[in-house]
Amino acid sequence: RDRMDLAAERVREGLARDIRIGFHSLCYLEEARRVQAATIAMLDEFADDMDRKFRQGAASEFDAMSARVRAANERPLLATVERELAVARAAFRNLARLDSDEFELVPDEGEPERTADLMDLATAIRIALAERRELQEQQKLIELRSADLRAERGTYAPIVRARGAY
């Protein structure tokens, strides 16, 4: 029984660890996407400024083209981060057994301004622990072993017989 409890606890701890890692990976990737998008916006604005200066004769064509190239070189990085984020969101949704494809993570630091379907780390762990097949299998195994143990103990129970005669 202790071995089964330890196995169930090991599965529970592993699942909680995987959810924590997935949660923080998603937070990191969402922040990376935000930073990359801000970088592209800044570089686009800089390229527009350089184009304006080129048309006014204050900058060379090389400077204007260089600014456009730098902005264009950042776009594939944003696409890569968005692709990684989509894969990580799908993996987290499957790990945490979420019904909806649309969910928003709420880091412990504070509440975001958005009010969509919010979920914090504790909620994700609680949902996943309640619905994981591995944990349900371990729980059924524990129940079966407990029933076997009760049956075995029943065979060793003492039998008391009393006879009387006149």
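Cut-off values and rules
Residues numbered from 1 in each chain as written. Predicted model: local features only at pLDDT ≥ 70, side-chain atom pairs only at ≥ 80, totals over all residues. Heavy atoms only, no water. Helix = DSSP H or I, 4+ residues; strand = E, 2+ residues; numbered from the N terminus. Contact = heavy atoms within 4.5 Å. Areas by Shrake-Rupley, 256 points an atom, 1.4 Å probe, with all protein chains shown as cover. Salt bridge = Lys/Arg side-chain N within 4 Å of Asp/Glu carboxyl O. Core = buried A, V, L, I, M, F, W, Y, C linked by side-chain atoms within 4.5 Å. Buried < 20%, exposed > 50% of the residue type's maximum accessible area, 1.4 Å probe, protein only. Expected span 1.5 Å × (residues − 1). pLDDT = per-residue confidence, 0-100.

### Things to note about the overall build of the protein
When helices and strands are counted, the protein shows four helices and two strands. Going from N to C terminus, the protein has its helices and strands arranged as α-α-β-β-α-α. In the protein, of all internal contacts separated by at least 6 residues, the share reaching a separation of at least 24 is 66%. Of the roughly 12,300 Å² of accessible surface on the protein, 53% is carried by carbon and sulfur atoms.

### Digging into the pattern of salt bridges
For the structure shown, the criterion picks out seven salt bridges. R52 is the partner of D49 in a salt bridge, and the nearest nitrogen-oxygen pair spans 2.2 Å. Taken together, the residues span about one helical turn, with D49 and R52 both in helix α1 (residues 2–56) at a distance of three residues. A cluster of three or more residues bridged by salt bridges with shared partners is formed by D48, D51 and R68.

### Describing the nonpolar core
A general feature of soluble globular proteins is that nonpolar side chains tend to end up buried together. L15, I19, L26 and F92 are the most contacted members of the largest nonpolar core, which has 17 residues in total. Among the elements of the structure, α1, α2 (61–95) and α3 (121–131) are those that each provide at least two residues to this core. For this core, the element with the highest residue contribution is α1, accounting for seven residues. One finds M50, A59, A64 and A67 within the second-largest nonpolar core, a separate group that totals five residues.

### Examining α2
An α-helical turn contains 3.6 residues, so a residue and the one three or four places further along point in the same direction. Helix length check: α2 (35 residues) gives 52 Å between terminal C-alpha atoms against 51 Å at 1.5 Å per residue, within 8%. The first or second residue beyond α2 is R97, which carries a positive phi of 55°.

### Re the confidence of the model for the protein
Residues at a pLDDT of 70 or more form 83% of the protein, whose mean pLDDT is 81. α2 holds the highest mean pLDDT among the elements of the protein, 92, whereas strand β2 (residues 118–119) holds the lowest, 58. Throughout residues 110–117 the model reports pLDDT below 50, and contacts reaching past four residues in sequence, or to other chains, amount to 10 contacts.

### Section: the side chain of Q36
Tracing the backbone shows Q36 in helix α1. For Q36, a relative accessible area of 12% translates into the label buried. If near-sequence neighbours (up to four positions away) are discounted, Q36 is found in contact with E74, L77 and L78.

### Digging into the environment of D120
Mapping D120 onto the fold places it in the loop between β2 and α3. Under the relative-accessibility criterion, D120 is labelled partly exposed at 31%. C-alpha of D120 to C-alpha of F23: the two residues are 97 residues apart in sequence and 8.9 Å apart in space.

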